Each structure stands twice: as C-alpha cells, then as structure tokens.
Amino acid sequence: MHHLHPILQRQQIDYGIYVIEQTFSKPFNRAKLFNIGYSEALKHNNYSCLIFHDVDLLPLNDRNMYACSQQPRHMSSSINIFRYNLPYAELFGGVSAISAAQFRKLNGFSNRYFGWGGEDDDMYERVKKQRMSITRWPMHISRYTMLSHRKETPSEHRFEQASYTADKEVGDGITNLHYSVISSRPSPLYTHVIVEL
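Residues numbered from 1 in each chain as written. Predicted model: local features only at pLDDT ≥ 70, side-chain atom pairs only at ≥ 80, totals over all residues. Heavy atoms only, no water.

A closer look at the pattern of salt bridges
(1) Moving on: For the coordinates displayed, the defined rule picks out nine salt bridges.
(2) Moving on: Between glutamate 40 and lysine 43 there is a salt bridge, with its nearest N and O atoms 2.7 Å apart. Of this pair, glutamate 40 and lysine 43 both sit in helix α2 (residues 30-44), three residues apart, which is roughly one turn of that helix.
(3) Moving on: The exposed category is assigned to lysine 43, whose relative accessible area is 54%.
(4) Moving on: Among the ionic pairs, arginine 126 bridges to aspartate 122, the shortest N-O distance being 2.8 Å. (Salt bridge = Lys/Arg side-chain N within 4 Å of Asp/Glu carboxyl O. Helix = DSSP H or I, 4+ residues; strand = E, 2+ residues; numbered from the N terminus. Buried < 20%, exposed > 50% of the residue type's maximum accessible area, 1.4 Å probe, protein only.)

What follows is the structure, given as structure tokens:
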C-alpha cells in the first residue's frame, strides 16, 4: 500500500482499494476473489473502472495510468521475473483494467478455478468471445516488479477446467457468485474483506 498510494495520488484519480482475502476452508480461488472484489466494491461506490491487481506486483512507472479505456487493458505486460518481456500474447493476468460495464458483459471471471493457474487464460477467452480486444501500454511503461514469495504449484485440473468453462461461461461468473462475508473493515488506506467461499 505504501508503494501504490503515492503513485495513484500523483495520477490524481479518485479511487478505492479493496483487499479480498479468503478463509482456508477451500483451496485458493483468485478469480472468484476478483468477482467478490467487484461485488463488494460496488456496494460502497458506483465505480465505473475496475483494476484487478495481484498483491505481489508493484508498478514502476507513473505513466501506467490506473484507469480504463474503451477496451480491457493488460497493465502488467512487463514484469521483472519475465525479464520485462511478455511471456505469451494471450496473457491477461497480474494487473488488468476493465470497465464495470465490460466486466458485466463478460460475466466476470470464472468461479471454477480452485488452485493456481488457468483463470487468466479463461478471462482472455471471454474477452475474445465478446469481440473485445486487449490493449497494452508500451513495455517501458507497463513495468512491474514482483515481490519475492514461495511459488505455488499449478493446479493439475486447470486445463480440464479451461475446456469446461469455455462451454459453460454464460452462467459461470458474477451471475452465480456465492460467498459469505466474515468481516469487512474499512480503513483510511483500504477496505479489508475476509470471505468464506
């Protein structure tokens, strides 16, 4: 937070930060947590732009605007662990900007990806299916550094999940989102929400 807030303030934008954390009752589900973030944020404010942000990524360039455009934008296409190169063209993970209207049209992220991996590729397919295109700033602007942490083992089910959700995405996302809020604590810097999936 201490790194991100000064950048957002220099960009002179109106924003709120929501940190969504799940209990340990089920395996980690990043995509569902993003859907919950959308749902919880809109309870407090009528946000028109959403930035979905992995907590381990720090932006390095103030010109990487935390704002939405006419198409979904992949903001973190240049990360230090990939030697500031885009690993593959379909990547839509890390940090992404998407308007609330676009997010509703896509029905959000899939809720089916428990464990690590696959949800970003699923979202890319949703974007493509809705005839939207992913935009990116030049690599020298979209630079991020990843905080060091233990790497998770990829889910062994991520590829079969991808083929399943490609056919079932119409009903899988924010329209069938179920969760329970354990606690929601606003603070001056962010709102921390703990949920049971």
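Overview of the sheet that holds strand β1 (residues 18-22)
(1) Moving on: The strand order across the open sheet built from three strands is β1-β9-β8, with neighbouring strands paired in mixed fashion. Since the sheet does not close on itself, it has two edges, and those belong to β1 and β8 (180-186), each with one partner. Averaged over neighbouring strand pairs, the angle between their axes works out to 20° when direction is ignored. (Pairing = 2+ DSSP bridges. Axes fitted to C-alpha atoms, helices over the stretch in contact; angles between N-to-C directions.)

Some remarks on the sheet that holds strand β6 (residues 95-99)
(1) Moving on: In spatial order, the strands read β2-β6-β4; together these three strands make up an open sheet with antiparallel pairing. Of all strands in the sheet, those bounded by a partner on one side alone are β2 (49-53) and β4 (73-74).
(2) Moving on: Of the strand pairs in this sheet, β2 and β6 are connected by five bridges, and their pairing is antiparallel. When the bridges of β6 are listed, phenylalanine 52 appears paired with serine 96.

Re the state of the cysteines
(1) Moving on: Following the criterion strictly, the structure yields one disulfide and no others.
(2) Moving on: At a sulfur-sulfur separation of 2.1 Å, the disulfide partner of cysteine 49 is cysteine 68. Given an S-S torsion of about 85°, the disulfide between cysteine 49 and cysteine 68 has right-handed geometry. Taken together, the residues cysteine 49 in strand β2 and cysteine 68 in the loop between β3 (57-59) and β4 connect sequence positions 19 residues apart. (Disulfide = S-S within 2.5 Å.)

A closer look at the nonpolar core
(1) Moving on: Counting residues in each nonpolar core, the largest one holds 19 residues, and the members touching the most others are Leu50, Phe52, Phe103, Phe109, Met123 and Val127.
(2) Moving on: Looking at this core, the elements with two or more residues in it are α2, β2, α3 (100-105) and α4 (119-129).
(3) Moving on: Here the element with the most residues in this core is α2; it accounts for four residues.
(4) Moving on: In this structure valine 127 touches Pro72, Phe92, Leu106, Met132, Ser133 and Ile134, once residues within four positions along its chain are discounted.
(5) Moving on: Ranked by size, the runner-up nonpolar core spans 11 residues in total, among them Leu8, Ile17, Leu57 and Tyr144. (Core = buried A, V, L, I, M, F, W, Y, C linked by side-chain atoms within 4.5 Å. Contact = heavy atoms within 4.5 Å.)

Section: α2
(1) Moving on: Taking 1.5 Å per residue as the helical rise, α2 with its 15 residues ought to reach 21 Å, and the 22 Å between its terminal C-alpha atoms agrees with that figure.
(2) Moving on: Of all 15 residues in α2, 11 are buried; the element is thus mostly enclosed.
(3) Moving on: What α2 keeps buried is the set Arg30, Ala31, Lys32, Leu33, Phe34, Asn35, Ile36, Gly37, Tyr38, Glu40 and Ala41. (Expected span 1.5 Å × (residues − 1).)

Focus on the environment of glutamine 71
(1) Moving on: Mapping glutamine 71 onto the fold places it in the loop between β3 and β4.
(2) Moving on: A residue is classified by how much of its surface remains accessible, and glutamine 71, at 25% relative accessible area, is partly exposed.
(3) Moving on: Excluding anything up to four places from it in sequence, glutamine 71 contacts Gln102, Met132, Ser133 and Thr135.
(4) Moving on: At a separation of 2.8 Å, a polar atom in the side chain of glutamine 71 contacts the main-chain amide nitrogen of serine 133. (Polar contact = N/O pair within 3.5 Å; in protein donor to acceptor, adjacent residues only side chain to side chain.)

Observations concerning the side chain of histidine 53
(1) Moving on: By the secondary structure assignment, histidine 53 is in strand β2.
(2) Moving on: Residue contacts for histidine 53: discarding those within four places in its chain leaves Leu4, Phe34, Tyr66, Gly94, Val95 and Tyr144.

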